[in-house]
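Chain by chain, the residues run as shown.
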Amino acid sequence: PRGMRLELLPGAVLPRDASDDIDLERCLRDASIALASRDVPNAARAVEALARGRLSPALSHSKRAFELALDACALAMDTIRGRDITVVADAHGLAASAGAIVAAVVRATELRADTYALNVAGRCVIDLLRVIAYEGDAEMSRRVPTALTAQVLALGAIGTLDAFAFVASSSAAFGHRGAFESPQSALEYAYACAYALVGAQEGGMSAFGALLEAWETFDEGAEYAAVRRSVFAGGALKLVLEHAVISGAISRLVALDVVRGSVRHCRVAHAYVVGAMYKASVVLRDAELREACVEAFGEQSRDVVSWTTSSGRRDVAAEARAFAFVVAMTTCLDVDEVDGTLRLVTGIVAQAACRVFSLIHGVLLHSRARGASPHDASRILRDLITSPLFINAPFIANVVSKDDGLGLSGALVTLASYMYDTARDIESSEWANALDEMTLINARSSAYEFVLLALKNATQGRVRARVIEAVHVLTRMEFARTTTVEYAQMLGTVASALSSPESQLDSPTSVAFLSMLPDDISNEFWRSDGVLSARIHLTLRFLPFITSKLSSERIVHAVVPIVHACCTHELKHVVKAAHVAYVGIFHARPDLHVSLFPRYLRAALDAYPAMTPIEPFIAAVGIVTKLGDAGNDLGVVIAQEIAAKVQRMDVSPDTSSSGAATDRLDPPVEPLRRLLFQLITLVDFPLITSVRDIIQRAVLEAPDRSTRAARHRALAFTVMRCPDYARKPSIVDWVVALSSKL
């Protein structure tokens, strides 16, 4: 392994692209000329092209490239130290390419035996790295982060005592100098860590531990930008270490020492390291290494539990450790059996993931509390949701809920309640109006996608037992929902569970559902609360499935007041859901028609056509007239009220178009008129005469014959479609006789 290039192992990911199409001879010539003339810009371009070539120990080009790379290191060091702003960026690029060439060539077997060459290369790279880390411009190091990480990788590849000793003593500066600023720099840094473990006997273990300290460096001013880069870099570290252990480049004993050593520390990077070792143990079927990893994860989980349950001042480092733990553990849980060794920490991972997703609103509240502008708050939120943890929300949701959802249901309820309460708080302030709308939508969509998939998996096969939890989560997260296939499936599953038969009225499930109804609709602003409106809307959509299980008394006192109030809501989809809920009530409880329907009828007609949706209103009228108890005159009352409304709309045409789009061929008054005509085919036989007289007046009161004829044709068409042949002959005779009065 000492002569092995980890980047060239089968299946490994290269820190930078290499190409066989590069003309190495020409690149060597151009680089030699530019370095000899100390032309930094041209030297940077020529050495960069040379670094992209595929250098092999079998080629004579490799040694020439190695010598030129050392010259390039010296030129870059002098230029960075001189701080000439016109060429300092080119100097950093030159340093990055030179370091990459040294790392690529130095692992050649013949160079491993050349102690002099290794010592020269080590001193040259150490001098350059010292200048970049301590004398160069920090901002430039962030702009060209590979200038630093390429040197760190080169020292790891050189693998001498001096090289590892310098890395161990200087790594504190690496995090500040942009070690994770780009995917390439993060990958180079990860390979440097792997080479340190390969050279554990030469002092690499201490260098490895020191390199991990860079993950502990967080700029609180950058908020979640640093955490996001840390998570991306952690993914690179896990990938590289996992591959190096599986391939045998890192010995099993070293891997065990690393895992056991991590138990004594609580660092961000250790989550990725142990995650890599665990996945390697699964592939290698190494029970001892796996047990050591499980023990290490147990220690890390204690720190995560402490963060999950804390509610005090924000701890940036604890957040970073939690992010790392969730990302690393979910990849391990994905390869673990359902009843595997990691099952006991699944609940902790689920709770930590829920806490992480709650930060979507947490960062906004934190930003507002410290006086940050909406623009800065949006930037911080954008940094948060572009972290791999949020990008991989569906994967994480599926992993933490793939068993029986241990610890997940309660965490989802807590998350949904927090998101709902904080959303109302955020939306109630003028500050929120200036937030970037798309960033906020995308952030909430990530949280909703996680919640929906986790809830779907956690309740699969046992939704009846957890239906109230599901309703609680779905209704409170409705403000953030995105319409997907999973959303439709979940609604259907919950609706089926709510409508399943119960042995008694007012069952525990039914009463518990009533507690889901909002109780904060007494103030004058509730109709304009978008978050509350979303919750009300979905609750009303679920209500018809539970109505038949409620007693009439409970419906009157607990359900009707809220439903009736929602009929006057500002949002039309909420109003429509309220009318549909009324239809469910009238269908389930015919004994309530006389007491409830007249009030509903007057309110619905008063709001028509501006707000009252015609389809559920027609359904409600049809149910009451057809399914109501015999002996009451409710059908006549309905006919009178509708006829009066139609007359008012005919007299005042403007009313028919107020607040609604007017169809010239079928203005809003016409569906109402057809409903009036339809009553003659629905009411009880004793009421037919009274309803017939009302309809007749409605037809004949038109001032001109053409209008009366049009209304008569509509009436005739309605009567001819009547399927009740017991009443049809008499009403047909009446319609024919009516034609003579037009």
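Conventions we followed
Residues numbered from 1 in each chain as written. Predicted model: local features only at pLDDT ≥ 70, side-chain atom pairs only at ≥ 80, totals over all residues. Heavy atoms only, no water. Helix = DSSP H or I, 4+ residues; strand = E, 2+ residues; numbered from the N terminus. Rg over C-alpha atoms; globule rule 2.2 N^0.38 Å. Buried < 20%, exposed > 50% of the residue type's maximum accessible area, 1.4 Å probe, protein only. Contact = heavy atoms within 4.5 Å. Areas by Shrake-Rupley, 256 points an atom, 1.4 Å probe, with all protein chains shown as cover. 1 Å grid on protein atoms, 1.4 Å probe; cavity = no way out; pocket = protein on both sides within 12 Å on 5 of 7 lines; lining within 4 Å. Points joined across faces, edges and corners; volume = space filled by probe spheres on them. Nonpolar A, V, L, I, M, F, W, Y, C, P; charged D, E, K, R; others polar. Patch = residues over 30% accessible without salt bridge, like charges linked within 9 Å, V, L, I, M, F, W, Y side chains within 5 Å. Salt bridge = Lys/Arg side-chain N within 4 Å of Asp/Glu carboxyl O. pLDDT = per-residue confidence, 0-100. Expected span 1.5 Å × (residues − 1). Polar contact = N/O pair within 3.5 Å; in protein donor to acceptor, adjacent residues only side chain to side chain.

1. Comments concerning the overall build of the chain
Phase 1 of the analysis: What the chain contains, in helices and strands, is 36 helices and zero strands.
Phase 2 of the analysis: In terms of overall size, the chain is more extended than a compact globule, its C-alpha atoms giving a radius of gyration of 37 Å where 742 residues would be expected to give roughly 27 Å.
Phase 3 of the analysis: On the principal axes, the C-alpha backbone points of the chain span a range of 120 × 55 × 45 Å.
Phase 4 of the analysis: In the chain, which comprises 742 residues, the share counted as buried stands at 56%.
Phase 5 of the analysis: Sequence-distant contacts, at least 24 apart, represent 78% of the contacts inside the chain between residues at least 6 apart.
Phase 6 of the analysis: Put simply, the chain shows about 30,700 Å² of open surface, and 53% of that area lies on carbon and sulfur atoms.

2. Some remarks on the layout of surface pockets
Phase 1 of the analysis: Each pocket or cavity is described by its volume, and for the largest pocket that value is around 600 Å³.
Phase 2 of the analysis: Together, 24 residues line the largest pocket, and Ser310, Arg355, Ser358, Leu359 and Tyr418 are the ones closest to its centre.
Phase 3 of the analysis: Contributing elements (two or more residues each) for the lining of the largest pocket: α15 (287-309), α17 (346-369) and α21 (408-427).
Phase 4 of the analysis: Looking at side-chain class alone, the lining of the largest pocket contains eight nonpolar, eleven polar and five charged residues.

3. Considering a nonpolar patch on the surface
Phase 1 of the analysis: Together, Ile246, Val283 and Leu284 give the surface a local cluster of nonpolar side chains, amounting to about 240 Å² of exposed area.
Phase 2 of the analysis: As for its placement among the helices and strands, Val283 is situated in helix α14 (residues 268-284).

4. What about the confidence of the model for the chain?
Phase 1 of the analysis: Looking at the chain, pLDDT values average 87 and 92% of them are 70 or higher.
Phase 2 of the analysis: Across residues 655-662, confidence stays below pLDDT 50; counting only partners more than four residues off in sequence or on other chains, it has 13 contacts.

5. Examining unusual backbone geometry
Phase 1 of the analysis: Looking along the chain, the bond that leaves Tyr608 and enters Pro609 is cis, with omega of 5°.
Phase 2 of the analysis: One can find Pro609 in the loop between α29 (593-606) and α30 (614-627).
Phase 3 of the analysis: A positive phi angle is found at Arg285, which is not glycine, with a value near 55°.
Phase 4 of the analysis: By the element assignment, Arg285 lies in the loop between α14 and α15.
Phase 5 of the analysis: Using a relative accessible area of 76% as the deciding quantity, one classes Arg285 as exposed.

6. Considering helix α31 (residues 634-651)
Phase 1 of the analysis: With 18 residues, α31 should cover 26 Å at 1.5 Å per step; its first-to-last C-alpha distance of 26 Å lies within 8% of that length.
Phase 2 of the analysis: Regarding α31, the residues found buried are Leu634, Gly635, Val636, Ile638, Ala639, Ile642, Ala643, Lys645, Val646 and Met649.

7. Overview of the pattern of salt bridges
Phase 1 of the analysis: Here the structure, examined in full by the defined rule, presents 25 salt bridges.
Phase 2 of the analysis: Taking the shortest distance from any N to any O, the salt bridge between Asp286 and Arg252 comes out at 2.5 Å. Taken as a pair, Asp286 in the loop between α14 and α15 and Arg252 in helix α13 (residues 252-262) lie far apart in primary sequence, 34 residues in all.
Phase 3 of the analysis: On the accessibility criterion, Arg252 (38% relative accessible area) is partly exposed.
Phase 4 of the analysis: Counted as one network, the salt bridges with shared partners bring together Arg252, Arg260, Asp286 and Glu288.

8. With respect to the side chain of Ser507
Phase 1 of the analysis: Considering the arrangement of structural elements, one finds Ser507 in the loop between α24 (485-498) and α25 (508-514).
Phase 2 of the analysis: Relative accessible area serves as the criterion here: at 2%, Ser507 is assigned to the buried category.
Phase 3 of the analysis: Residue contacts for Ser507: discarding those within four places in its chain leaves Glu502 and Lys549.

9. So, the environment of Ala276
Phase 1 of the analysis: Counting through the fold element by element, Ala276 comes out in helix α14.
Phase 2 of the analysis: Ala276 sits 55 residues away from Thr331 along the chain, and the two C-alpha atoms are 9.3 Å apart.
Phase 3 of the analysis: If sequence neighbours within four positions are ignored, Ala276 has contacts with Lys238, Leu241 and Glu242.

10. Topic: the environment of Arg727
Phase 1 of the analysis: Relative to the helices and strands, Arg727 is located in the loop between α35 (705-720) and α36 (728-738).
Phase 2 of the analysis: Separated by 45 residues in the primary sequence, Arg727 and Leu682 have C-alpha atoms spaced 9.8 Å apart.
Phase 3 of the analysis: Once residues within four sequence positions are removed from consideration, Arg727 is found in contact with Ile680, Thr681, Leu682, Val683, Phe685, Ile688 and Cys722.
Phase 4 of the analysis: In terms of polar contacts, Arg727 uses its side chain to reach the backbone carbonyl oxygen of Ile680, at 3.1 Å.

11. Looking at α14
An α-helical turn contains 3.6 residues, so a residue and the one three or four places further along point in the same direction.
Phase 1 of the analysis: Between its first and last C-alpha atoms α14 spans 25 Å; for 17 residues at 1.5 Å apiece the expected length is 24 Å, and the two agree.
Phase 2 of the analysis: Most of α14 is tucked away, with 14 of its 17 residues classed as buried.
Phase 3 of the analysis: In the stretch just after α14, Arg285 is the one whose phi turns positive, near 55°.

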